[in-house]
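Examination of the molecular architecture
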Amino acid sequence: MNIYDVSEHAGVSIATVSRVLNGNPNVSEKTREKVLKVMDELGYTPNVFARGLGLNTMRTIGIMCSDSSDPYLAGAIYYLERGLRSHGYDAILCCTGYDLDAKQKYFDLLRSKRVDAIILAGSKFVEMRAKDNAYIIEAASDLPIMLVNGFLEGENIYSTVCDDHAAVYSAVSQLLSSGRRRILYVYTSYSYSGVNKLAGYKDALKAKGITPSDELIRQCPKDIEAARELLLSLHREGLEFDAVITSDDSLAVGAVKYAHIAGISIPHGLSIIGYNNSLLARCTDPEITSIDSKVEALCTTTINTLMGVFSGVNVPSRTTIASDLIKRKTTNF
């Protein structure tokens, strides 16, 4: 008999049971009485608690990511595991790919391992259709669910996000103020983060009285060569653009390669801004101006929030972190 059983029979989250056990005042008397009654009925007697999860805690956290070879996600995994180790927790990592069935399969696998919480790293775990997120919301009644740069509303679900909308809005606004008018936006996906980035691009144009043009908004696989070929194709078709902003640094590297092949000077003929401020942004000549989405801060905050949940203290369900624009040689503003 453990805290999971108490949570299930009482119909409340593990965090709520933890708050009752720790005497947290932020629990209604009705809920407190219900939880204590279930403990009595089940014969559950807590002895020692580790981070508010009870004696039978595995001190293990499940981490899911879609692709560990992605530089952004690889960094996120490093910071998450480092943070967990500093608090005495181990981690089980599952790389799920992008298929919904696979995500659900690995999610269920982690639950079967009796992990104390599950961290979803990256915005690809929040689906556009609400029903496709039901398995996450349902699981949150049993254990905390933490989202790194993804947002999903629900009890016992905690999100730490970068303000992607504001980041892209600011970058595009600076390009416009520097005289650029034909700004090409190249993105990889319609994830939670991707939708906010695209909205930031469009809103910045509208704020300057410019109607966003579909011909200047292009989707591309997260691949350097694919981005280079896309821009070369647009160039051959006669599409004019004097700046490129991308949703990932890999696409920005492709834009630099395109400019070299096409004989376009950077930044005078073409300004380029990437996203994530990864190592890739410093591996080109010239080095790429990039939006720093603060992956370390996102992951550190996620771990601190999780430890707060385990301790039964009140923590925000959503924390937003501002980005920085790291200016290098592909912009001249």
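Residues numbered from 1 in each chain as written. Predicted model: local features only at pLDDT ≥ 70, side-chain atom pairs only at ≥ 80, totals over all residues. Heavy atoms only, no water.

Focus on the nonpolar core
Spelled out, the test is: What we call a nonpolar core is a set of buried Ala, Val, Leu, Ile, Met, Phe, Trp, Tyr and Cys residues that are connected through their side-chain atoms within 4.5 Å. Whether a residue is buried, partly exposed or exposed follows from its accessible area with a 1.4 Å probe, protein chains only, as a fraction of its type maximum: under 20%, in between, or over 50%, in that order. Segments assigned H or I by DSSP are reported as helices when at least four residues long, segments assigned E as strands when at least two residues long, and all are numbered from the N terminus. Domain boundaries shown here were taken from an automatic or database domain assignment.
In this structure, Leu84, Ile119, Val172, Tyr201, Leu231, Phe241 and Ile245 are the most contacted members of the largest nonpolar core, which totals 70 residues. Broken down by element, this core gets its largest block of residues, eight residues, from helix α11 (residues 295-311). Split by domain, this core shows at least three residues from each of two domains, domain 2 (58-161 + 293-321) and domain 3 (163-292). Core analysis: the second largest hydrophobic core is formed by 33 residues, Leu110, Leu120, Phe125 and Ile157 among them.

Structural notes on the side chain of threonine 330
Rule in force here: Identification of polar contacts relies on pairs of N or O atoms within 3.5 Å, with a donor-acceptor requirement for protein atoms, meaning one able to donate a hydrogen and the other able to accept it, and with residues adjacent in sequence counted only if both atoms are side-chain atoms. Contact between two residues is taken to exist if any of their heavy atoms lie within 4.5 Å; hydrogens are not considered.
With respect to the secondary-structure elements, threonine 330 resides in the segment after β12 (324-326). Separated by 2.6 Å, the side chain of threonine 330 and the backbone oxygen of isoleucine 272 make a polar contact. Discounting chain neighbours no more than four positions away, the residues touching threonine 330 are Val256, Ile266, Pro267, Leu270, Ser271, Ile272, Pro286, Glu287, Ile288 and Thr289.

Things to note about α11
One turn of the α-helix equals 3.6 residues, which is why residues spaced by three or four share an orientation. Our working definition: Expected helix span is given by 1.5 Å per residue-to-residue step, counting one fewer step than there are residues.
With 17 residues, α11 should cover 24 Å at 1.5 Å per step; its first-to-last C-alpha distance of 24 Å lies within 8% of that length. Just past α11, the residue glycine 312 takes up positive phi, approximately 80°.

Let's talk about the sheet that holds strand β7 (residues 217-219)
As a reminder of what qualifies: At least two DSSP bridges between two strands are needed for those strands to be called paired. Axis definition: a line fitted to C-alpha atoms, limited for helices to the stretch in contact. Angles are taken between N-to-C directions and run from 0 to 180 degrees.
Strand order in this open sheet of six strands is β7-β6-β8-β9-β10-β12, and the pairing throughout is mixed. Every interior strand has two partners, whereas the edge strands, β7 and β12, have only one. Going from strand to strand, the sheet's axes swing by 20° on average, the running direction of each strand aside. Pairing analysis gives three bridges linking strand β8 (residues 243-246) to strand β9 (residues 271-275), with the strands arranged parallel. Along β9, the bridge assignment pairs isoleucine 245 with isoleucine 273. Against the sheet, helix α7 (residues 164-177) engages β6 (183-187), β8, β9, β10 (289-292) and β12, with an angle of about 170° to β9. Set on the sheet, helix α8 (residues 192-207) makes contact with β6, β7, β8 and β9; between it and β6 the angle comes to about 170°.

A short note on the pairing of β10
With burial as the criterion, each face of β10 is covered, one bearing Thr289 and Ile291 and the other bearing Ser290 and Asp292. Inspection of the sheet shows β9 paired to β10 by three bridges, in the parallel sense. Each residue of the ladder has a partner; that of tyrosine 275, found in β10, is isoleucine 291. Bridging between β10 and β12 involves three bridges; their strand directions are antiparallel. Within the sheet, the bridge partner assigned to aspartate 292 lies in β12 and is aspartate 324.

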